[in-house]
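Structural overview
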Amino acid sequence: MPLLKSGCKDKKEIWGRRYPTRMINFGENKSFMIVVTGAAGFIGSHLIDKLNQEGFKAIIAVDLFHDEVKLANLDHQNILASLDRRVFIPWLEENAEGVEFIFHLGAHTDTTETDEALFAELNTNYTKQVWNICATEQIPLIYASSAATYGLGELGFSDDHSLIPQLQPLNAYAHSKHQFDLWALGQEKRPFYWAGLKFFNVYGKNEDHKGKMSSMVYQLHRQIEDGGKVRLFKSYDEKYDDGEQLRDFVYVQDVVNVMYWMMHHRKDSGIYNVGTGQARSFKDVVNALQQVLDKQVDIEYIDMPEHLRDKYQYFTEADLKKLKSIGFPMDFSSLEDGVRACCSNLPN
């Protein structure tokens, strides 16, 4: 798998293979280029695996490729070329006519980072550059938004475009995603098809590199395997008992199924929630893991850091009416089924 590095003087080395024509319909020919940014990451690597399974091989994988743990996520993947994200924009400008679809999943995702300028550069403004090229060249685009944009959920979790300007994100990461959503909705010049996906709490394998940003399913599994005791935050909201804080946990394969279906659907542009539509508690996650691992564990409730207490989401639940209204045909995995499906692939 060639690694195309920034700073190279040879355009061929940086920009890779150029396709002379752009194919409009998928049909039987699956040789046109599909770009996946954040390719070595959690969701991106699963998406590439799905594309490979469906016969798509001409994939341009965009990432930084400096993390050996992340790189392992692309082992055995069939990729045309890998491209450093720092040269992706000029590469796209040069090769747009050969690109059939872009999944822009790459972002700076540390929710504890407070540098808004960093998020503006890596998330908001970078995505604007991708959008503008897609709009000019009419390349369909799916980009990753986030359920973090819903803040405390004061307005519920509807992806109705009219409600999005009223949302109040709680951290710099969520703010950067929200700012791009607002910008996209205000654009007159758009790709002929685009979708912004508000991912809820995604879990599955290939999270080893994420550290403190990994899913609670992953973290709790590690805690159980390491010592048999799990740690959950105490509740500081009288509506919720300790461990009964609720999240919409969605299995990564279901997220990939949404994106793959949308790649073929290519109409009904807009911003969409991607979750199960059913909130589950952290205790439910522990119980599901206990059943799969056949281990009984103790739960220790620990103090939540003070700086998080007024920025903590006690409840998230995707409103899926809009996604279902455009014909998405699949049901989402239950928490128990998702944990069972991925647990054998999580680290021991």
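Overview of the structure. Remember, it's a predicted structure, so these values are computed and weren't measured experimentally.

As a further point, take the environment of Val62. Tracing the chain through its elements places Val62 in strand S3 (residues 59-63). Classification of Val62 as buried rests on a relative accessible area of 1%. Placed 23 residues apart in sequence, Val62 and Arg85 show a C-alpha to C-alpha distance of 5.4 Å. Aside from chain neighbours lying at most four places away, what touches Val62 is Val35, Val36, Thr37, Gly38, Ala39, Leu83, Asp84, Arg85 and Phe88.

As a further point, take the state of the cysteines. Following the criterion strictly, the structure yields zero disulfides and no others. In this model Cys342 remains outside any disulfide bridge; the closest cysteine sulfur is found in Cys343, 6.0 Å from its own. Residue class for Cys342 comes out buried when judged on its relative accessible area of 1%. For Cys343, a relative accessible area of 5% corresponds to the buried category.

Even without a glycine there, the phi angle at His76 is positive, about 70 degrees. You will see that Asp294, though not glycine, has its phi angle at about 55 degrees, which is positive. Relative to the assigned elements, Asp294 resides in the loop between helix H9 (282-293) and strand S14 (298-302).

Attention now goes to the pattern of salt bridges. Taken as a whole, this structure holds 13 salt bridges when the rule is applied. In this structure, Asp319 engages Lys321 in a salt bridge whose closest nitrogen and oxygen atoms are separated by 2.8 Å. When salt bridges with common partners are traced through the structure, they connect Arg280, Asp284 and Glu336 into a single cluster.

Our next topic: the pairing of strand S7 (residues 194-199). Counting buried residues in S7 gives six out of six residues, a clear majority hidden from the surface. Burial along S7 is two-sided: the face carrying Trp194, Gly196 and Lys198 and the face carrying Ala195, Leu197 and Phe199 are both buried. Once the chain exits strand S6 (residues 141-146) it traverses helix H6 (residues 172-185) before rejoining the sheet at S7, and the crossover so formed is right-handed.

With that settled, the discussion passes to the pairing of strand S4 (residues 81-84). By the alternation rule, side chains of S4 split into Ala81 and Leu83 and Ser82 and Asp84, which are all buried. Where S3 and S4 come together, four bridges link them in parallel fashion. Looking at the pairing, Val62 lines up with Leu83 of S4.

A separate point is the nonpolar core. Counting 73 residues, the largest nonpolar core has Phe103, Phe199, Met259 and Met262 as its most contacted members. For this core, the leading source of residues is helix H8 (residues 252-265), giving nine residues. Discounting residues that sit within four places of it in the chain, Met262 has contacts with Ile142, Tyr193, Ala195, Leu197, Tyr272, Leu323 and Ile326. Formed by 29 residues, the second largest nonpolar core is a distinct cluster that contains Met33, Trp131, Cys134 and Ala135.

Close contact between helix H4 (residues 88-95) and helix H5 (residues 116-137) brings their axes to 10 Å; oriented N to C, the two are set at 0 degrees. It follows from the interaxial angle that H4 and H5 lie roughly parallel. When H4 is examined against H5, the residues Phe88, Ile89, Leu92 and Glu93 are found in contact with a partner set consisting of Tyr126, Gln129, Val130 and Ile133. Among the residues making up the contact of H4 with H5, the classes are represented as six nonpolar, one polar and one charged.

For helix H7 (residues 216-227), which comprises 12 residues, the first-to-last C-alpha distance of 16 Å matches the rise-based estimate of 16 Å (1.5 Å per residue) to within 8%. Elements in contact with the buried residues of H7: strand S8 (201-203), strand S9 (229-233), strand S11 (249-251), H9 and helix H11 (335-343).

Another aspect to go through is the packing of aromatic side chains. This structure, assessed with the given rule, holds 22 aromatic pairs. Plain terms: the ring middles of Phe180 and Trp183 are 5.4 Å apart, the flat faces sit at 35 degrees to each other, and that makes the pair tilted. Placement of both Phe180 and Trp183 in helix H6 is noted, with a separation of three residues, approximately one turn of the helix. Across this residue pair, the class does not change: Phe180 and Trp183 are buried. Ring geometry for Phe233 and Tyr312: centres 6.3 Å apart, planes at 80 degrees, overall edge-to-face. Linking Phe233 in strand S9 with Tyr312 in the loop between S14 and helix H10 (321-325), this pair joins segments that are 79 residues apart in sequence. By relative accessible area, Tyr312 is classed as buried at 11%. Here the guanidinium or amino end of Arg247 rests over the ring plane of Tyr312, the centre of that ring lying 4.9 Å away.

This next bit is on the side chain of Asp63. In this fold, Asp63 is placed in strand S3. In this structure Asp63 comes out as buried when scored by relative accessible area, which is 9%. Within polar-contact distance, the side chain of Asp63 engages the backbone nitrogen of Ala39 at 3.3 Å. Polar side-chain contacts of Asp63 include one of 3.0 Å to the backbone nitrogen of Ala40. Aside from chain neighbours lying at most four places away, what touches Asp63 is Gly38, Ala39, Ala40, Gly41, Lys70, Leu83, Asp84 and Arg85.

What counts as what
- Every chain is numbered independently, its residues counted from 1 as its sequence is written.
- Reporting in this predicted model follows two pLDDT cut-offs: at least 70 for local features of residues, and 80 or more for side-chain atom pairs to be given and counted; totals over whole chains, interfaces and linings ignore these cut-offs and use all residues.
- The side-chain quantities take in all heavy atoms of the structure and omit both hydrogens and water.
- Secondary structure is summarised from DSSP: a helix means a run of H or I of at least four residues, a strand means a run of E of at least two, and numbering begins at the N terminus for each.
- Three labels apply to residues, based on accessible area from a 1.4 Å probe with only protein chains included: buried if under 20% of the type maximum, exposed if over 50%, partly exposed otherwise in between.
- The contact rule is simple, with two residues in contact once any of their heavy atoms fall within 4.5 Å.
- The disulfide criterion is simple: two cysteine sulfur atoms within 2.5 Å.
- Should a side-chain nitrogen of Lys or Arg be within 4 Å of a carboxyl oxygen of Asp or Glu, the pair is scored as a salt bridge.
- Here a crossover is taken to be right-handed if, once the strands point away from the viewer, the path from the first strand over the helix to the second is traced clockwise.
- By definition, two strands form a pair when at least two bridges between them are found by DSSP.
- The nonpolar core is taken to be a set of buried Ala, Val, Leu, Ile, Met, Phe, Trp, Tyr and Cys residues, with the residues joined through side-chain atoms within 4.5 Å.
- Axes here mean lines fitted to C-alpha atoms, for a helix over just the part in contact, with angles spanning 0 to 180 degrees between N-to-C directions.
- Every angle not falling under 35 degrees, over 145, or within 65 to 115 is termed oblique; those three ranges are roughly parallel, roughly antiparallel and roughly perpendicular.
- Residue classes follow a fixed rule: Ala, Val, Leu, Ile, Met, Phe, Trp, Tyr, Cys and Pro count as nonpolar, while Asp, Glu, Lys and Arg count as charged, and any other residue, Gly among them, counts as polar.
- To estimate the expected span of a helix, count its residues, drop one, and scale the result by 1.5 Å.
- Pairing of aromatic side chains requires ring centres within 6.5 Å, counting the rings of Phe and Tyr and the six-membered ring of Trp. Pairs whose planes differ by under 30 degrees are stacked, by over 60 edge-to-face, and all others tilted.
- Each ring is checked for a lysine NZ or an arginine CZ that lies within 6 Å of its centre and within 35 degrees of its normal; such an atom marks a charge sitting over the ring.
- Polar contacts, as counted here, are pairs of nitrogen or oxygen atoms within 3.5 Å of one another; within protein the pair requires one atom able to donate a hydrogen and one able to accept it, and residues that are adjacent in sequence qualify only if both atoms are side-chain atoms.

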